[in-house]
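# Summary of structural features
Okay, here's what each chain looks like letter by letter:
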Amino acid sequence: MVARPLPISSAPMAGGPSTPALAKAVSAGGGLGFLAAGTITAAQLAADLTSMAGHIYAVNVFAPQQSAPKQADLAHLGDLVADVYARYDQQVPAWPTPDLSNQWDAKLQVILTAPTPPVAVSVTFGCFTSSEIERLHAAGIAAWVTVTNPRDAVHAREVGADALVVQGPEAGGHRGTWDISAPADDRPLPELVRAVVNTVPQLPVIAAGGMTTAADVADTLQLPGVQAVLIGSAFLLATEAGTSAANREILHAHLGERGEVTVATRAFSGRIARGIKTAFSHQYPHIPPVYPYVNALLAPLRTMCAARGDTSVAYCLAGKNITQIHAASAAEILASLTP
């Protein structure tokens, strides 16, 4: 069963937006706030968990990456990055050595020993093992698994997951595919939810992707099996969010626009992710599956360009219908999303 049967949770937005302050505010407003532990260190996660003492909240972690990018793909990326940096007359940074484990074991341990444990832990980019779920259950923590297709939902059920976070292609940020090279299931969220529930009717669903209004939430909650929704992009302009000043400017610039301003592509990070369209994403739509190298290599250039007000290589991940969000406190945004 779902750890806490609330209709709205703030989605875990890694890289800064999902702060402890945002999680606390959403939970205080009647929803369920999420911490995003995917890209932070285990030490930072421990500090964030300590700050949540006395609060009801959930945590998201990234599963270990099962395979490293192919050398041929990395070589192709090297040529591409060199070309981009040459246009700005900048030197290519040192090649990164990413931790593909995402500090999985260390993060699970700090979660299990947190002063106030979360009510649920969700995993993205993979799945828990049965023994890991047993450890979570022993600590009174529910195990949620992010799935993007019925096949992964079956595996999640087999290892003992308590709920499925069904993420549609409309969602901002990274698509939760388990294999970085696998094509994503592009069925719209309603169709995807029905397919998952038809395959795995035993597990409750938390639906995610593209919801920015109360009407969106109401419609999604009517889908079979859906007990709650996970909403991220609508909280990007929340006062309590850690969204960078540069990305807030980008988002504000698109508010009220007609048409879709986001695109799902590997250009942002080497994994399929949805974000605000840029000149870079337009020019390099076919970057190979080389996560997490792209963002690491382009980060210095993105920082430099942001300081200049140049958004051509920006990294502003956001979901469909982002032009309909607004700036306000988390409590006000939560209220606006509540049917």
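Everything in this summary refers to the structure shown in the same document. Predicted model, so just to flag it, every value in this text is computed and none were measured.

### Details of helix α3 (residues 71–87)
In this model α3 runs 25 Å from its N-terminal to its C-terminal C-alpha over 17 residues, within 8% of the 24 Å that 1.5 Å per residue would give. Every buried residue belonging to α3 is among Asp73, Leu74, Leu77, Leu80, Val81, Val84 and Tyr85, and all of these are buried. Each buried residue of α3 lies within a common arc of 130 degrees when the element is viewed along its axis, so the set occupies one face. Exposed side chains of α3 directed beyond 90 degrees from the buried face belong to Gln71, Ala72, Asp79 and Ala86. Where α3 is buried, its residues meet α10 (279–283) and α11 (293–308).

### Observations concerning unusual backbone geometry
Where the residue is not glycine, phi is negative for most of them; where a peptide bond is considered, it is trans in most cases. With an omega of 5 degrees, the peptide bond running from Tyr291 to Pro292 counts as cis. Relative to the elements of secondary structure, Pro292 occurs in the loop between α10 and α11. A positive phi is found at Phe125, a non-glycine position, where the angle reads about 75 degrees. Residue placement: Phe125 occurs in the loop between β4 (120–124) and α5 (130–138). Positive phi, normally seen in glycine, also occurs at Asn321, with a value near 65 degrees. Mapped onto the elements, Asn321 comes out in the loop between α11 and α12 (330–337). Judged by its relative accessible area of 29%, Asn321 is partly exposed.

### Digging into the sheet that holds strand β2 (residues 33–36)
Taken together, the eight strands give an open sheet; going across it, the order is β1-β9-β8-β6-β5-β4-β3-β2, and neighbouring strands pair in parallel fashion. Edge positions in the sheet fall to β1 (8–10) and β2, since each has one partner strand and no second. The sheet shows a mean angle of 25 degrees between the axes of neighbouring strands, taken without regard to direction. Both strand β5 (residues 142–147) and strand β6 (residues 163–167) contribute to a ladder of four bridges, which runs parallel. Across the sheet, Thr146 pairs through a bridge with Val165, a residue of β6.

### Overview of the pattern of salt bridges
All told, the structure shown has three salt bridges when counted by the stated rule. Among the ionic pairs, Arg151 bridges to Asp152, the shortest N-O distance being 3.8 Å. Residue Asp152 is classed as buried on the basis of its relative accessible area, which comes to 7%. The salt bridge involving Arg187 is made with Asp185; its shortest N-O contact spans 2.7 Å. Given a relative accessible area of 27%, Arg187 falls into the partly exposed group. On the basis of relative accessible area, Asp185 is assigned to the buried category, the value being 17%.

### Side note on the side chain of Ser27
Tracing the sequence through the fold places Ser27 in helix α1 (residues 20–28). Reaching out from Ser27, the side chain makes a polar contact with the backbone oxygen of Ile56 at a distance of 2.5 Å. Leaving out residues up to four positions away in the same chain, Ser27 has contacts with Leu32, Gly33, Ile56 and Tyr57.

How each quantity is defined
- Residues numbered from 1 in each chain as written.
- Predicted model: local features only at pLDDT ≥ 70, side-chain atom pairs only at ≥ 80, totals over all residues.
- Heavy atoms only, no water.
- Helix = DSSP H or I, 4+ residues; strand = E, 2+ residues; numbered from the N terminus.
- Expected span 1.5 Å × (residues − 1).
- Buried < 20%, exposed > 50% of the residue type's maximum accessible area, 1.4 Å probe, protein only.
- Arc of directions from axis to C-beta.
- Contact = heavy atoms within 4.5 Å.
- Pairing = 2+ DSSP bridges.
- Axes fitted to C-alpha atoms, helices over the stretch in contact; angles between N-to-C directions.
- Salt bridge = Lys/Arg side-chain N within 4 Å of Asp/Glu carboxyl O.
- Polar contact = N/O pair within 3.5 Å; in protein donor to acceptor, adjacent residues only side chain to side chain.

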